[in-house]
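# Per-entry structural report
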There are 2 protein chains.
Amino acid sequence: MENTVKLANNKYPIEDVLRRRWSTVAYSDRPVEKEKLLSLFEAARWAPSSANEQPWYFLIATKDDAESYARMLECLVPANVEWASRAPVLMLSVAKLHRSNGAINRHAFHDVGLAVGCMLVQATSLGLCVHQMGGFYIDKARTMFEIPDTHEPVAAIAIGYLGSVEGLPEHLRQRELTARTRKEISSFVYTGKWGKPAF
Amino acid sequence: MENTVKLANNKYPIEDVLRRRWSTVAYSDRPVEKEKLLSLFEAARWAPSSANEQPWYFLIATKDDAESYARMLECLVPANVEWASRAPVLMLSVAKLHRSNGAINRHAFHDVGLAVGCMLVQATSLGLCVHQMGGFYIDKARTMFEIPDTHEPVAAIAIGYLGSVEGLPEHLRQRELTARTRKEISSFVYTGKWGKPAF
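All values derive from a computational prediction rather than experimental measurement. (Residues numbered from 1 in each chain as written. Chains lettered and ligands numbered in written order. Predicted model: local features only at pLDDT ≥ 70, side-chain atom pairs only at ≥ 80, totals over all residues.)

## Thoughts on the pairing of strand β3 (residues 129–133) of chain A
Residue and element names in this part refer to chain A. Just so we agree on the cut-off: Any residue surrounded by 20 or more other C-beta atoms within 10 Å of its C-beta is treated as buried, while 12 or fewer makes it exposed and the intermediate range makes it partly exposed; C-beta atoms here are placed from the backbone. Each helix is a run of DSSP H or I of at least 4 residues and each strand a run of E of at least 2, with the numbering of both proceeding from the N terminus. What makes two strands pair is DSSP finding at least two bridges between them.
Within β3, five of the five residues are buried, which leaves it mostly tucked inside the rest of the structure. Neither face of β3 is open: one carries Cys129, His131 and Met133, the other Val130 and Gln132, and all of them are buried. Of the strand pairs in this sheet, β3 and strand β4 (residues 151–160) are connected by five bridges, and their pairing is antiparallel. Bridging from a neighbouring strand, Gln132 pairs with Ile157 of β4.

## Some details on the packing of helix α2 (residues 34–45) of chain B against helix α5 (residues 108–125) of chain B
Residues and elements named next belong to chain B. The following threshold applies: Each axis is a line fitted through C-alpha atoms, taken for helices only over the stretch in contact, and angles between the N-to-C directions span 0 to 180 degrees. An angle below 35 degrees is read as roughly parallel, one above 145 as roughly antiparallel, one from 65 to 115 as roughly perpendicular, and any other as oblique. Whether a crossing is left-handed or right-handed is set by the direction in which the near helix is turned from the far one by less than a right angle, anticlockwise for left-handed and clockwise for right-handed. A residue pair is marked as a contact if its C-beta atoms, positioned from the backbone, fall within 7 Å. Gly falls in the polar group here, along with every residue not listed as nonpolar (Ala, Val, Leu, Ile, Met, Phe, Trp, Tyr, Cys, Pro) or charged (Asp, Glu, Lys, Arg).
For the pair α2 and α5, the least separation of the axes is 7 Å and the interaxial angle reads 140°. Judged by the inter-axis angle, α2 sits oblique to α5. When you trace α2 past α5, the crossing you get is right-handed. Across the interface between the two elements, Ser39, Leu40, Ala43 and Ala44 of α2 pack against Ala115, Val116, Cys118, Met119, Val121, Gln122 and Ala123 of α5. Of the residues belonging to the contact of α2 with α5, the class tally is nine nonpolar, two polar and no charged.

## Description of the sheet that holds β3 of chain A
Pairing is mixed in the open sheet, where five strands are placed in the order β3(A)-β4(A)-β2(A)-β1(A)-β5(B). Two strands in the sheet have a free side with no partner beyond their single neighbour: β3 of chain A together with β5 (189–191) of chain B. For this sheet the average axis-to-axis angle between neighbouring strands, irrespective of direction, equals 30°. Where strand β2 (residues 89–96) of chain A meets β4 of chain A, eight bridges bridge the pair, whose relative direction is antiparallel. The residue of β4 of chain A that forms the bridge with Met91 of chain A is Ile157 of chain A.

## Brief notes about the sheet that holds strand β1 (residues 56–62) of chain B
Strand order in the open sheet formed by five strands is β5(A)-β1(B)-β2(B)-β4(B)-β3(B), with mixed pairing between adjacent strands. What marks the edges here is a single partner per strand, and that holds for β5 (189–190) of chain A together with β3 (129–133) of chain B. Judged from the seven bridges that link them, β1 of chain B and strand β2 (residues 89–96) of chain B form a sheet pairing that is antiparallel. Counterpart to Ala61 of chain B in the pairing with β2 of chain B is Leu90 of chain B. In this fold helix α3 (residues 66–74) of chain B packs onto β1 and β2 of chain B, with an angle of close to 115° to the strand it touches most, β1 of chain B.

By themselves, these are just geometric observations and shouldn't be taken as functional.
Written as structure tokens, this is what we have:
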């Protein structure tokens with residue numbers, strides 16, 4: 001991972017594993033070892049969740065299971081297929097919408113996101129790149145993988161090793177070589193009342 | 001942090017910073033340095049989000065701002081006040097519900113969770129403990145901190161250094177000394193179709 005332009009331009013110190021993460025569009029075709037995939041799910045597994053409901057579920061398709069992989073790819077919007085089809089692993093994150101007691105779990109999506117956050121850290125430390133996508137067909141995914149109404153597809157996820165930008169279409173090459181940007185801390189951390197910067 | 005009973009009982013290798021995290025109820029009264037708080041928000045800041053909308057917001061109250069802190073504490077349900085009132089820092093996470101283009105952001109809660117996941121990693125690496133709570137009064141929080149309708153309070157968060165279990169009420173002492181439990185990977189990672197374990 002030597003794409004220094006994608007390093008976080010952080011103002012305050014953060015862990016290297018957070019600084020070096022970005023959502024690549026340049027995947028190598030190198031397969032991901034089963035042991036590494038298991039560590040990703042183990043990382044997600046130990047995330048905290050509201051009342052320890054653990055509402056996270058994942059559907060995974062690796063390229064060596066061509067039929068499953070093709071179906072997963074069909075769930076993505078074309079703009080994502082363009083680069084995600086190079087990734088050796090595709091996934092869907094799925095949220096369980098109700099708690100064990102039947103009540104709606106308003107933290108279902110939140111807790112799936114938190115578990116994926118832990119997975120990203122594990123992936124980066126193992127030299128893997130993870131790119132999540134909102135651009136996929138929810139109903140198609142539900143039908144194709146028989147996801148019950150009690151659960152909802154959340155995001156599509158591509159996983160693999162970093163590849164070269166050479167050979168990428170020009171707009172993807174540009175995207176891969178553009179620095180990441182974020183809003184300032186003063187614009188989202190408040191104290192006392194809404195809108196009053198804490199720092 | 002020497003509470004080994006809270007270490008993840010992981011089957012596959014994960015980063016130490018994920019393994020050592022847990023939602024403590026035993027806070028020390030040691031204040032949290034401003035520099036460390038800034039690193040927590042910096043870690044959240046560089047999280048990925050759908051279309052880079054960065055829908056995460058935080059309201060923070062430290063104990064040295066007694067008035068703000070007291071208001072934040074009033075938003076918690078009594079069972080949380082019991083232990084969270086020892087934490088030197090309380091926060092609310094808040095989600096922006098719409099995208100810049102006005103459409104509903106179905107990933108708003110998800111992306112707040114993901115940013116908090118990054119914050120947890122940074123906190124653990126700095127020796128801090130973070131405990132999130134679903135048990136707080138959403139409407140009270142909205143009123144007390146003038147949170148607009150365009151945004152929704154997500155979770156309450158306690159942050160601080162680990163304290164001793166001595167002096168905790170017995171049920172909290174027991175809670176702090178009980179191992180963390182999680183469902184098996186085979187129960188939440190599927191392939192090909194819903195319910196078919198991938199591993």
